[in-house]
Amino acid sequence: MTESSFISSTRDVPAVSGVPRHIAIIMDGNGRWARKRFLPRVAGHSRGVESVRSVIRACMERGVSYLTLFAFSSENWRRPADEVSFLMQLFMRSLQKEVDRLHDNGIRFRVIGDLSRFDPKLVDMIRRAEARTAANEKLTLTIAANYGGRWDILQAMTRMLAKHPERREGFTEEDLSGELSLNYGPEPDLFIRTGGEQRISNFLLWQLAYSELYFTDTLWPDFDVAALDEAIRSYQARERRFGRTSEQLRQAEGAVSPSSGHA
Ligand code: IPE
Ligand code: IPE
Ligand code: MG
C-alpha cells in the first residue's frame, strides 16, 4: 500500500483551494543569469540555491503542503562533465548545510529520480536526510534529481507488473499511480517554469495532467517571493474545470454556498 491515496484528476474532481496544495517548479535559467553577468554558468547554479531557500520559506508561510523542485533531469547528463560534477557537489554541499534547518522547520525531505548513477556517498546522505525528516508534516519538499517523467512511468509499470505477475489486463490508474515515485503526494495544482521556455522537459508527465501551467521569463536566481506570489495570483484567477463547463462549476459552487447569490 502507498502512504495514502490521493484524488486522481482524471477519475474524480479534486477539491480546489485558494492556496495551491502542491507547487512543482522547473527551476530554469541559471546559466543565462550567470552569462548576463559575465560569470561562469555554474555561478548561476550557486545563486539559484538562494532562490530555493526563499521559495521553501515562502511556501511554508503561505500554507503550501507540497513543493517539488526539478534540480537535475535525466537528460542533464548530456551537459559538460565539469558542470555535471559541479551540480552534484552543490547538491551534496547544500544538503549537508541545510538538513538541520529543514528538519527544525518541520519539513519532510524526499528525493525522486534514478539515484543509481549517483555517488554512493550522496545517496547515503539523501537516504539519511529522508529518514530523519520522515515524520515532519509542515511541508513536503521533494527534489527531483536524475528524474525523468518517462523513467518514472516505466519504473512504475515495471513495479506494477511485478506485483501482479498473474494479471494481463484490468489495470487501473491507481495501480500505476501508486507506483510512481511521487505516490506520497497529490498531483501538482500549480506548475511553474522560470527562464522563459514553455515546455515540460520530461518533468512529471503523469501528474501534470490537470495542473495549472505558469511560465515566466524571470530567471531562476531572480525568482523571489514577489515572483512566487505573482504565480499564485495567476493560479487563483484560473477556472479549474477538469473537463466540466463553467456553468456546471457555478452550479456546484452555488450548491456549496447557497447564500452567495445567483449568477
Ligand atoms: C537550470 O538552469 C538548472 C539545471 C538544469 C540544473 P540551466 O542551467 O538550464 O540554465 P539555462 O537554461 O542554461 O539558462
Ligand atoms: C529542465 O531544464 C531541467 C531542470 C531545471 C533541472 P533544462 O534547462 O535542462 O531544460 P531544456 O533542456 O531547456 O528543455
Ligand atoms: Mg535550462
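Residues numbered from 1 in each chain as written. Chains lettered and ligands numbered in written order. Predicted model: local features only at pLDDT ≥ 70, side-chain atom pairs only at ≥ 80, totals over all residues. Heavy atoms only, no water.

1. Considering the site of ligand 1
Link 1 in the chain: By nearness alone, every residue bordering ligand 1 is listed as M27, D28, G29, N30, G31, R32, R41, H45, A71, N76, R79 and L87.
Link 2 in the chain: Between an oxygen atom of ligand 1 and a side-chain N or O atom of R32, the distance comes to 2.7 Å.
Link 3 in the chain: A distance of 2.8 Å is found between an oxygen atom of ligand 1 and a side-chain nitrogen or oxygen belonging to R41.
Link 4 in the chain: Here ligand 1 has 380 Å² of accessible area as a free molecule, and 88% of this is covered by the chains.
Link 5 in the chain: Put simply, the parts of the chain that give the shell around ligand 1 at least two residues each are α1 (30-36) and α2 (41-62).
Link 6 in the chain: Here the shell around ligand 1 takes 3 residues from α1, the largest share from any one element. (Near = heavy atom within 4 Å. Polar contact = N/O pair within 3.5 Å; in protein donor to acceptor, adjacent residues only side chain to side chain. Areas by Shrake-Rupley, 256 points an atom, 1.4 Å probe, with all protein chains shown as cover. Helix = DSSP H or I, 4+ residues; strand = E, 2+ residues; numbered from the N terminus.)

2. Regarding the site of ligand 2
Link 1 in the chain: Around ligand 2 lies a shell formed by I26, M27, D28, F70, A71, F72, S73, N76, R79, R193, R199 and S201.
Link 2 in the chain: Measuring from an oxygen atom of ligand 2, one finds a side-chain N or O atom of R199 at 2.8 Å.
Link 3 in the chain: Residue S201 places a side-chain N or O atom 2.6 Å away from an oxygen atom belonging to ligand 2.
Link 4 in the chain: Starting from 390 Å² of accessible surface for ligand 2 in isolation, the protein chains cover 79%.
Link 5 in the chain: By residue number, the principal contributor to the shell around ligand 2 is strand β2 (residues 66-73), which donates 4 residues.
Link 6 in the chain: Residues that form the shell around ligand 2 fall into these classes: 5 nonpolar, 3 polar and 4 charged. (Nonpolar A, V, L, I, M, F, W, Y, C, P; charged D, E, K, R; others polar.)

3. Observations regarding the pairing of strand β3 (residues 107-112)
Link 1 in the chain: With 5 of 6 residues buried, β3 lies mostly within the body of the structure.
Link 2 in the chain: Relative to strand β4 (residues 139-147), β3 is paired through 6 bridges, and the arrangement is parallel. Paired with V111 across the bridge in β4 is I143. (Buried < 20%, exposed > 50% of the residue type's maximum accessible area, 1.4 Å probe, protein only. Pairing = 2+ DSSP bridges.)

4. Side note on the sheet that holds β2
Link 1 in the chain: An order of β3-β4-β2-β1-β5-β6 is seen for the 6 strands of this open sheet, with the pairing classed as parallel. Looking at strand neighbours, the two that pair on one side only are β3 and β6 (212-215), the edges of this open sheet. Between one strand axis and the next, the sheet turns by 20° as a mean value, whatever way the strands run.
Link 2 in the chain: In this structure, strand β1 (residues 22-26) lies alongside strand β5 (residues 190-193), joined through 4 bridges in parallel fashion. Following the sheet pairing, I26 is matched in β5 by R193. (Axes fitted to C-alpha atoms, helices over the stretch in contact; angles between N-to-C directions.)

5. Some points on the pattern of salt bridges
Link 1 in the chain: Under the counting rule described, the total for this entry stands at 23 salt bridges.
Link 2 in the chain: One salt bridge connects R238 with E212, and the closest N-O pair in it is separated by 3.0 Å. Note that R238 is positioned in the loop between α7 (225-236) and α8 (246-256) and E212 in strand β6, a separation of 26 residues in sequence.
Link 3 in the chain: Salt bridges linked by common partners bring D28, R32, R193, E197 and R199 together as one network. (Salt bridge = Lys/Arg side-chain N within 4 Å of Asp/Glu carboxyl O.)

In short, geometric facts, not functional conclusions.
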